[in-house]
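Residues per chain are reported as follows:
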Amino acid sequence: MTSPNPAKRTLAQRFDTERIALGLAAPLLAVLLSVVICSILLLTSGRDPFKAFNVMFTYGTASDGQVLILNRATTYYLAAVAAAFGFRMNLFNIGVEGQYRIAALFAAYVGAQLNLPSFIQIPLLLITAMLAGGIWASIAGVLKVYRGVSEVISTIMLNAISLAVVGLLLVPGIFAPKVSSTSNSVQTDPISASSHFFSINTAGGVLWGFIVVAVIVGVGFQLTLSRTRFGFDLRATGRSESAAAASGVNVKKMVLTSMAVSGALAGLIGMPDLLQNSYNYGTSFQQGLGFTGIAIALLGRNSPIGIVFSALLFAFMDVTAVQLPLQGDFPQEIVQVMQGTIVICVVVAYELVRRYGLKRQQQKVGAELAAQAAAAAKKEVTA
Amino acid sequence: MRRSMKLAAVVLSGSLGIASLAACGAKSTDTSTASGSGSGSLKVGMAYDIGGRGDQSFNDSAARGLDNAKAQLGVTVSEAEAKTGEAEADKETRLSSLVTAGFNPIIAVGFVYQPAVEKVAKANPNVKFAIIDSSSTTQPSNVTSLTFSEQEGSYLAGVAAANKTKTKHVGFIGGVQSELIKKFEAGYKAGVKSVDPSIAVETTYLTTPPDFTGFNDPGKGKEAAQGQLDKGADVIFSAAGSSGSGAIEAVAMAGKWAIGVDSDQANQPALAKYKDHILTSMVKNVDTAVFTYIKAAKDGNPLTGIKNFDLKANGVSLATTGGFIDDIKAKLDAATQQITSGATKVPTAP
């Protein structure tokens, strides 16, 4: 910091406004387009779209709605980072779903068996979850490296297998207590009180302390990408595997490591709910977070900052959707339509914006070259 | 300051900023007028499981009870349903929003609501809650469980199947291998064996928990039924929610007998074209339970604790649409008599 760096660009140069505008254009375009599509859908079914969005917005700006959104975004952020970590090196870990399911089951089981002081117990549970998720994901990593199995195929299949594994273990007498306290559902024993994560009581309800973990994970992800050799190798492999291999990156090792790390991060997805809300893993534990995470990672362009916004947006939509049928006769499925169209539109929009940016760049360079040529010609004339 | 450090600072302060914003804003409930009791008619809130109205099965039956209460008792209602893959917090929000809007009692349809009902009921001790199909040892006293003796109705279905089979081979298809559906299997098998212990019973579960897609995947139901038909079964009972419609389709195509579940499936528009092959349905009278609960609440004498609706209380029964089981009515009545008198104890686990 103290050494003068003449090559260092100024703040204004680094934060190129045009680049930022282009970067924001795509997601904004996608969100707008999906709002329009949903409005048309609501109108055709004879409902007032503005009233529906008003219901969502009113609840989203109330303090209890906000606390719920932040809690939800915490989970979504972890899910998206888990997916994005693999995506950054073109490793499509579709198995986040199965990885967090297995991780939550094992963490819940260990949490119910042990009752250590909190400062040992909580890290132990987090490590258990990350190990379980990481090991489960590594199966796909090993298969890819040593047998050339596409990770897309193997992780999807592992999702189905993880369901069977949970079904096999989550039965009375193995991971669930012999005598269940509830009549028609199965769940593990509640985790011990020392496993409960801290939370913050606000006017709007209980804010999960796990948001701190999500922030740490986000910062860690960014630092790894931008400040470590591993992060550089990761991005290099993502851009071009052969080029990375040629420059000395051990691609096999990279695949194994990033698959395991992606799985370990996936292991954290179930933790906010387990340690802050449900306190057990059972048949009513939330499902589908892995796929939500992939969508959020796509929208956030796999960047740690971008994902913050997309996670908040998805959390906002999901939390406020519950109010739709209660305050006016709006189908809450409209939110799923909205999320789906956002994901599709954003993929298209990113490509359109990229092409537009490229064209502008070419024009700019062309104009500069023309100016230079003109200047050179003028010089010749005057000389 | 290095860029990454700046970035970290921005993210941290940003998230804390949002957090503090949440802490001081107005609550959504501040503006709404929470009208309590004594405002004329009873306000009943209902939270459905996935599928909601129109699932041709369990939720629809609960909805019928609510409609009856609306028509006959003049209660005001509000309904909302769960969506696939929603968070636990969504269920809690749904229930507490109903509380805030002044609904009391509130009925939750399905065991998935158990943790949410417990939590919201503890926070609102003056509001009455009912939960269908579930009970817990830890639920507070303002929660009433409405449960059913599915095994008893399934026993009768088993008796009917055993009397109608020509190949001495019947089948059972369960949606999800959960504690609830195992009760159906246990009762059905016991019913079949009570008629003729030599009859073979095929058992297929579509999925195991935590995969609950077995309740709404007609394709899987059809495949499972086809498998059982190929093995020689000629009467198939499917307790599989809306997956059952696939099973009924396959059975009807093969010209064999199907037994429906939850609602009288021969009467459902979606299944009307197969009604000549629906022998009967093991009807779970969720509507009766819902209506009874609302009526008791209106009369100021609410049901409390765990209220089980068995064969005797008409909580479960066999549908007679089509008249296909009229010829064995005497045998079914005898079996009913055995159960209601307590002479036959139907097992709840296979």
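Keep in mind that this is a model prediction, so the values were computed, not measured.

K.L.:
Describe the overall build of chain B, listing the residues and the values that go with them.
P.N.:
Along chain B, the regular secondary structure elements total ten helices and twelve strands. Across the 350 residues in chain B, those meeting the buried criterion constitute 55%.

K.L.:
Quick rundown of helix α8 (residues 211-227) of chain A? Include the residues and the values.
P.N.:
Residue and element names in this part refer to chain A. Here α8 is 17 residues long and its end C-alpha atoms lie 24 Å apart, about the 24 Å a rise of 1.5 Å per residue gives. Taken together, the buried positions of α8 are Ile-211, Val-213, Ala-214, Gly-218, Phe-221 and Leu-225. Viewed end-on, α8 has its buried residues packed into an arc of 160°, placing them on one side of the element.

K.L.:
If you had to explain the domain arrangement of chain B to someone new, which residues and values would you point to?
P.N.:
Residues and elements named next belong to chain B. The domain boundaries assigned to chain B delineate domain 1 (43-148) and domain 2 (150-283 + 320-340). A straight line from the C-alpha centre of domain 1 to that of domain 2 covers 28 Å. Between domain 1 and domain 2, the residue contacts involve ten residues of the former and ten residues of the latter. For the side of domain 1 that touches domain 2, the element with the most residues is helix α2 (residues 58-73), which contributes three residues. Looking at the side of domain 1 that touches domain 2 residue by residue, the class counts come to three nonpolar, four polar and three charged.

K.L.:
So what's going on with the sheet that holds strand β6 (residues 169-176) of chain B? Residues and values would help.
P.N.:
Remark on secondary structure: sheet strands pair via backbone hydrogen bonds, oriented parallel or antiparallel. Residue and element names in this part refer to chain B. Taken together, six strands build an open sheet; the order of strands is β7-β6-β8-β9-β10-β12 and the sheet is mixed. The open sheet is flanked by β7 (200-207) and β12 (316-318), the only strands paired with a single partner. Across this sheet, the average inter-strand angle for adjacent strands is 15°, counted without regard to direction. Pairing of strand β10 (residues 278-284) with β12 involves three bridges; the strand directions are antiparallel. The partner of Val-283 across the bridge, within β12, is Ser-317. Packing against the sheet, helix α7 (residues 218-231) makes contact with β6, β7 and β8 (235-239), and its axis sits at approximately 160° to β7.

K.L.:
Give me the sheet that holds strand β2 (residues 76-81) of chain B: which residues, what numbers.
P.N.:
Residue and element names in this part refer to chain B. Spatially, the six strands line up as an open sheet ordered β2-β1-β3-β4-β5-β11, and their pairing is parallel. At either margin of the open sheet sits one strand with a lone partner, and together these are β2 and β11 (306-309). Strand-to-strand, the axes of this sheet are offset by a mean angle of 20°, without reference to chain direction. Across the sheet, helix α3 (residues 88-100) lies against β1 (43-48), β2 and β3 (106-109), angled at about 160° from β3, the strand it touches most.

K.L.:
Describe the pairing of β10(B), with residues and values.
P.N.:
Residue and element names in this part refer to chain B. Counting buried positions over the seven residues of β10 gives seven, a clear majority of the element. As defined by bridge partners, strand β9 (residues 257-262) adjoins β10 across five bridges and the pair is classed as parallel. Bridging from a neighbouring strand, Asp-262 pairs with Val-283 of β10.

K.L.:
So what about unusual backbone geometry? Which residues, and what values?
P.N.:
Going from B:Asn104 to B:Pro105, the amide bond is cis rather than trans, its omega being 10°. With a phi close to 55°, A:Arg301 is a non-glycine residue in the positive phi region. Positionally, A:Arg301 belongs in the loop between α13 (289-299) and α14 (304-321). Looking at A:Arg301, the number of C-beta atoms within 10 Å reads 17, which means it is partly exposed. Of note in the backbone geometry, B:Asp262 takes a positive phi value of approximately 70° without being a glycine. Judged by local crowding, B:Asp262 falls into the buried class, with 28 C-beta atoms found within 10 Å.

K.L.:
So what's going on with the interface of chain A and chain B? Residues and values would help.
P.N.:
One frequent convention defines the size of an interface as the accessible area lost when the parts assemble. Contact with chain A, which involves 52 residues of that partner, is made by 47 residues of chain B. Elements represented by at least two residues in the side of chain A that touches chain B include exactly α3 (49-61), α4 (63-87), α7 (151-169), α8, α12 (271-278) and α15 (323-326) of chain A. For the side of chain A that touches chain B, the element with the most residues is α4(A), which contributes nine residues.

K.L.:
Talk me through the nonpolar core; I want residue IDs and the actual numbers.
P.N.:
Across soluble globular proteins, nonpolar side chains have a tendency to be buried as a group. Membership of the largest hydrophobic core comes to 111 residues, with the highest contact counts inside it found for A:Ala80, A:Ala129 and A:Ala311. Residue contributions to this core peak at 16 residues, all from α4(A). Dropping the residues within four chain positions of it, A:Ala129 is found in contact with A:Ala103, A:Ala104, A:Phe106, A:Ala107, A:Gly267, A:Leu268, A:Gly270 and A:Met271. Judged by nonpolar contacts, the second largest core, of 99 residues, contains B:Phe111, B:Ala162, B:Ile259 and B:Val283.

The rules behind the values
- Residues numbered from 1 in each chain as written.
- Chains lettered and ligands numbered in written order.
- Predicted model: local features only at pLDDT ≥ 70, side-chain atom pairs only at ≥ 80, totals over all residues.
- Helix = DSSP H or I, 4+ residues; strand = E, 2+ residues; numbered from the N terminus.
- Buried ≥ 20, exposed ≤ 12 C-beta atoms within 10 Å, placed from the backbone.
- Expected span 1.5 Å × (residues − 1).
- Arc of directions from axis to C-beta.
- Domains from an automatic or database assignment.
- Contact = placed C-beta atoms within 7 Å.
- Nonpolar A, V, L, I, M, F, W, Y, C, P; charged D, E, K, R; others polar.
- Pairing = 2+ DSSP bridges.
- Axes fitted to C-alpha atoms, helices over the stretch in contact; angles between N-to-C directions.
- Core = buried A, V, L, I, M, F, W, Y, C linked by C-beta atoms within 7 Å.

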